[in-house]
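# Working through the structure, step by step
So the chains spell out like this:
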Amino acid sequence: MEWITIILSSLFTLVSPVGLVADQVAEGVIRERLYQAELVDVRIDNTPNFRLVGGRVDRLRFAGRGLYPVPEFRIDILDVETDPIDIDLPALQDGKFALDEPIQAATHIVLKTEDINTLLRSPRVQELLNTLEFNLPGASDRERNRYRLSNPQITFLPENRLRVTVDLVDRVLQEEVETLVETGIQIIDGHQLVLVEPTIVIDGQSVPEPLIKAFTEGVDAALTLKQFDDWEIVARVLQFELQPEALDLVVYVRVDPSSPLLELDD
């Protein structure tokens, strides 16, 4: 959704009505925001074309292949298609991006397993893992921050299940213990992600069911798209499929004109 606002804001501030080549301008704007892209294709539909000058877009379609937002992360497929969009031109002239009507879009994303694992092995992710506070069940307060995670890797399994392997590093004993988490994933009502029959094995020993249940309940409570309601955003998962080599996801998003997401920092 951020790219949509970037495209539209650039179009109505940079493009003149004479010799309008909106598609090419939009593609250039997107490429400037990416580290690398194998394919970027933008189609802006308007009938008649001069309606674009009035702040109206009938439909915006974006197709990306092999997109690198950062050097260590590749998006295999990213397709976005919007409903009609109505821009608040007076606000735009004052340097603010705003909408007269809500914007709705469907987004199709495909992430290959190898690309996800490349990201997980990157220094960027390891730095993030180093900031996490992680304790084994039953650990005392004195042992806080004793452990850290490293070398994460993900594998997609049949029936929408996945396996995550990660090393649990003991900072005191300077030892690494392999940890394996396997779980199914289910999307309920389009917004709630639920872990199905999860298992956790640490150094070959299965974690007891009560501890897994407590962990699962905490995760399930946090993984809902309802959390975006405070941003005046409705997001729903229309399709979720874990294939052996890729994650295939389709999401519907609706952003109200009052959403803080539209406040872009250039």
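Residues numbered from 1 in each chain as written. Predicted model: local features only at pLDDT ≥ 70, side-chain atom pairs only at ≥ 80, totals over all residues. Heavy atoms only, no water.

Attention now moves to the confidence of the model for the protein. Considering every residue of the protein, the mean pLDDT works out to 83; 82% of them sit at 70 or more. Overall, residues 15–20 carries pLDDT values under 50, and its contacts beyond four positions in sequence, including any with other chains, amount to 5 contacts. (pLDDT = per-residue confidence, 0-100. Contact = heavy atoms within 4.5 Å.)

An ideal rise of 1.5 Å per residue puts 16 Å on 12 residues; helix α2 (residues 22–33) measures up with 17 Å between its terminal C-alpha atoms. Of all the positions in α2, only Ala 22, Ala 26, Glu 27, Val 29 and Ile 30 are classed as buried. Buried residues of α2, viewed axially, fall in a sector of 160 degrees; they line one side. Facing away from the buried side of α2 by more than 90 degrees, the exposed set consists of Gln 24 and Glu 32. (Helix = DSSP H or I, 4+ residues; strand = E, 2+ residues; numbered from the N terminus. Expected span 1.5 Å × (residues − 1). Buried < 20%, exposed > 50% of the residue type's maximum accessible area, 1.4 Å probe, protein only. Arc of directions from axis to C-beta.)

Taken together, 6 strands build an open sheet; the order of strands is β1-β3-β4-β6-β13-β12 and the sheet is antiparallel. If you trace the sheet from one side to the other, it starts and ends with β1 (36–45) and β12 (233–243), each paired once. For this sheet, the mean angle separating the axes of adjacent strands, direction not counted, is 15 degrees. Looking at chain direction, β12 and strand β13 (residues 246–255) are connected through 10 bridges and run antiparallel. Within β13, the residue paired with Arg 236 across the bridge is Tyr 252. Packed onto the sheet, helix α4 (residues 113–120) meets β4 (73–82), β6 (103–112) and β13 and runs at close to 85 degrees relative to β6. (Pairing = 2+ DSSP bridges. Axes fitted to C-alpha atoms, helices over the stretch in contact; angles between N-to-C directions.)

A word on unusual backbone geometry. A positive phi angle, close to 60 degrees, is found at Glu 159, a residue other than glycine. In this fold, Glu 159 is placed in the loop between β7 (147–157) and β8 (161–170). Backbone geometry places Asn 160, a non-glycine residue, at a positive phi of 55 degrees. Note on placement: Asn 160 falls in the loop between β7 and β8.

The next subject is the pattern of salt bridges. Under the counting rule described, the total for this entry stands at 14 salt bridges. Among the salt bridges present, the one from Arg 161 reaches Glu 182, with a minimum N-O distance of 3.6 Å. Here the residue Arg 161 occupies a position in strand β8, and Glu 182 occupies one in strand β9 (residues 175–188), the gap between them amounting to 21 residues. One salt-bridge network, held together by shared partners, links Glu 38, Arg 74, Asp 76 and Asp 115. (Salt bridge = Lys/Arg side-chain N within 4 Å of Asp/Glu carboxyl O.)

What follows is about the sheet that holds β7. Strand order in the open sheet formed by 5 strands is β7-β8-β9-β10-β11, and the pairing between neighbours is antiparallel. Two strands close off the open sheet at either side, each with one partner strand: β7 and β11 (205–206).

Further remarks concern the environment of Leu 128. Tracing the chain through its elements places Leu 128 in helix α5 (residues 123–130). A C-alpha to C-alpha distance of 9.8 Å links Leu 128 and Leu 149, two positions 21 residues apart in sequence.

What follows concerns the nonpolar core. Core analysis: the largest hydrophobic core is formed by 48 residues, its most contacted members being Val 40, Phe 62 and Leu 67. Those residues within four positions of Val 40 in sequence are excluded, and the remaining contacts are Glu 27, Ile 30, Arg 31, Leu 34, Phe 62, Ala 63 and Leu 67. (Core = buried A, V, L, I, M, F, W, Y, C linked by side-chain atoms within 4.5 Å.)

Looking at where Asp 76 falls in the secondary structure, it is placed in strand β4. Within polar-contact distance, the side chain of Asp 76 engages the side chain of Arg 74 at 2.9 Å. Excluding anything up to four places from it in sequence, Asp 76 contacts Gly 64, Arg 65, Gly 66, Val 110 and Lys 112. (Polar contact = N/O pair within 3.5 Å; in protein donor to acceptor, adjacent residues only side chain to side chain.)

This brings us to the pairing of β6. Direction of pairing for β4 relative to β6: antiparallel, over a ladder of 6 bridges. If you follow Asp 79 over to β6, its bridge partner there is His 108. Bridge count between β6 and β13: 10 bridges; the pairing is antiparallel. Note that in β13 the partner of His 108 across the bridge is Val 250.

Now for α5. Quick reminder: α-helices carry 3.6 residues per turn. Residues three or four places apart thus point the same way. Buried within α5 are the following residues: Val 125, Gln 126 and Leu 129. For α5, the angular spread of the buried residues around the axis is 100 degrees, confining them to a single face. Those residues of α5 that are exposed and aimed more than 90 degrees away from the buried face are Pro 123, Glu 127 and Leu 128. Buried residues in α5 make contact with α4 and β7.

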